[in-house]
Every structure is written in C-alpha cells, then in structure tokens.
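For reference, the chains in residue letters:
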Amino acid sequence: GAARAALPAPPRGGVSARRPGYPPRAMDGTRQPFVIAGFGYRVAAYLFDLGLALAAVTAALIAGLSSGAALVAGLAAWVFVTSAASAVFDGQTLGKRLAGTRVITAPGAPIGFGRSLVRDTLARLLYLVPLFFLVDSVFAAASADGRTLRDRMVGTYVVRGPSSAGRAWGVALAAAALLTVWVA
C-alpha cells in the first residue's frame, strides 16, 4: 500500500499506532513495545466472543425459556464474556486471548470492568443506529491507530500480545467447536 506521510503523534505517554521507536510507557514507567492489532485480529476475537453469547441464547431457547428470557441470558453472557473477562484477564476476553490481542488504556494499563462495560456493551448499543456498525468498522480498518469510534469514546486501544506457539491451533479448534455447536 501507499506509505503514510506524517502520522499524528501518539497520546502523551500513550500507545504508538505504527511508529517504530515510539513505544509507550507502561504504568511502571518502563517502555513497552505495544503494537496495534490489525483489523482481522479484532474481527476474529469479536466473532468468537459473539459466538459464545449466541451459544447462551441458543442453550436458553433449547432449555425452553421464552425468547425474552433467552435474550436476557445472551446479554448476561455477553457482559460476562466481555467485561468480566476483560477485568479478570488484564484486558482480554476469551476471543481476544485466542486472537492474541488485549484492550489497554492510553497509558498502557489493561482495561477494567467499568470501561469494558461502556466500550463493549453500552457503546455497542449504537449498532442499533443504522450504518453505525459499518462506520465503526471503517474507523478501525482505515485509521492509522486502528481505533474504532468506541475506542475513541472510552480512550482505549486494541494491541497485540506476546506470540504463542499454540495460539493458532487453539483458534482453529475453538472455531471448529463453535461451528459444530452452531450447525448442530
């Protein structure tokens, strides 16, 4: 692709979008080489987490719960899968863990429960506005820092974590399991 001319400076003490030699400072003051996660990693993590919430809805319907109760079960599963997991696992949901990404704040700290709840649940309600999902996705795919509108609203970045030899196999097995459950 075309080389980007002048990228904006990263937030003070914050995350470097794609500029080598500009690693952000972590909470302890040390330089950390955060790398912004690509769009594909973000989509893979989102689809996995969404699949878990949809599995909860499906299980609730199979168990004979009303559609309203199943929707509540799905929402509860979504909050658990995203916000609770992000708080417990230093900014990672199960999908993000499998994709090798995490959500951090501008200073480099992991996202907590409250900020994750706003980012992953409340701000996603904006997807009910026609075309917001598309605009949000275009921001992530096209911006130099890879941030969605939701990331900008709450001051977060999605970054790549350390590589893991077994991650590709884990992602493949998890995807196959979810597809099997969904089709069955």
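The structure under discussion appears in the preceding block.
This one's a predicted model, so the numbers in the text were calculated from it and none came from an experiment.

J.: Outline the packing of aromatic side chains, listing residues and values.
T.: Summed over the entire model, instances satisfying the criterion amount to three aromatic pairs. Taking 6.1 Å as the distance between ring centres and 75° as the angle between the ring planes, the aromatic pair formed by Y46 and W78 counts as edge-to-face. With Y46 in helix 1 (residues 39-62) and W78 in helix 2 (residues 67-88), the pair connects residues that are 32 residues apart, well separated along the chain. Taking 5.0 Å as the distance between ring centres and 85° as the angle between the ring planes, the aromatic pair formed by Y127 and F133 counts as edge-to-face. Members of the aromatic cluster, each reached through a chain of ring pairs, are Y127, F132 and F133. Here the guanidinium or amino end of R160 rests over the ring plane of Y41, the centre of that ring lying 3.7 Å away.

J.: Any chance you could break down the pairing of strand 3 (residues 156-160) for me, citing the residues and the numbers?
T.: With four of five residues buried, strand 3 lies mostly within the body of the structure. Inspection of the sheet shows strand 1 (residues 35-36) paired to strand 3 by two bridges, in the antiparallel sense. Each residue of the ladder has a partner; that of I36, found in strand 3, is V159. When strand 2 (residues 101-105) meets strand 3, the two strands line up antiparallel, connected through five bridges. The residue bridging I104 from the neighbouring strand is Y157, located in strand 3.

J.: Please give an account of the sheet that holds strand 2 that cites residues and values.
T.: Reading across from one edge, 1-3-2 is the order of the three strands in this open sheet, with antiparallel pairing throughout. On the outer flanks of this sheet lie strand 1 and strand 2, each paired with one strand and no other.

J.: Residue-level account of a nonpolar patch on the surface, with values.
T.: Taken together, the side chains of L131, L134, V135, V138 and F139 make up a nonpolar region of the molecular surface, amounting to roughly 440 Å² of accessible area. Of note, F139 is situated in helix 5 (residues 132-142).

J.: Lay out the environment of R150 with the relevant residues and their values.
T.: The residue R150 is located in helix 6 (residues 149-154) in this model. On a C-alpha basis, the gap between R150 and R119 in space is 5.9 Å, while along the polypeptide they are 31 residues apart. Excluding its chain neighbours within four sequence positions, the residues that come into contact with R150 are R42, R119, D120, A123, R124, Y127 and D136.

J.: Please set out the side chain of R147 residue by residue, giving values where relevant.
T.: Looking at the secondary structure, you find R147 in the loop between helix 5 and helix 6. In contact with R147, other than residues within four places in its own chain, are R42, F139, A140, R152, G155, T156 and Y157.

J.: Can you lay out the side chain of D136 for me, pointing to particular residues and giving the numbers?
T.: On the secondary structure map, D136 appears in helix 5. The exposure class of D136 is buried, given its relative accessible area of 1%. One polar contact links the side chain of D136 to the main-chain amide nitrogen of L149, over a distance of 2.8 Å. Excluding residues that lie within four positions of it along the chain, D136 makes contacts with Y127, T148, L149 and R150.

Conventions and cut-offs
- Residues numbered from 1 in each chain as written.
- Predicted model: local features only at pLDDT ≥ 70, side-chain atom pairs only at ≥ 80, totals over all residues.
- Heavy atoms only, no water.
- Phe/Tyr/Trp six-rings, centres within 6.5 Å; stacked < 30°, edge-to-face > 60°.
- Helix = DSSP H or I, 4+ residues; strand = E, 2+ residues; numbered from the N terminus.
- Lys NZ or Arg CZ within 6 Å of the ring centre and 35° of its normal.
- Buried < 20%, exposed > 50% of the residue type's maximum accessible area, 1.4 Å probe, protein only.
- Pairing = 2+ DSSP bridges.
- Patch = residues over 30% accessible without salt bridge, like charges linked within 9 Å, V, L, I, M, F, W, Y side chains within 5 Å.
- Areas by Shrake-Rupley, 256 points an atom, 1.4 Å probe, with all protein chains shown as cover.
- Salt bridge = Lys/Arg side-chain N within 4 Å of Asp/Glu carboxyl O.
- Contact = heavy atoms within 4.5 Å.
- Polar contact = N/O pair within 3.5 Å; in protein donor to acceptor, adjacent residues only side chain to side chain.

Remember, this is a structural readout, not a statement about activity or role.
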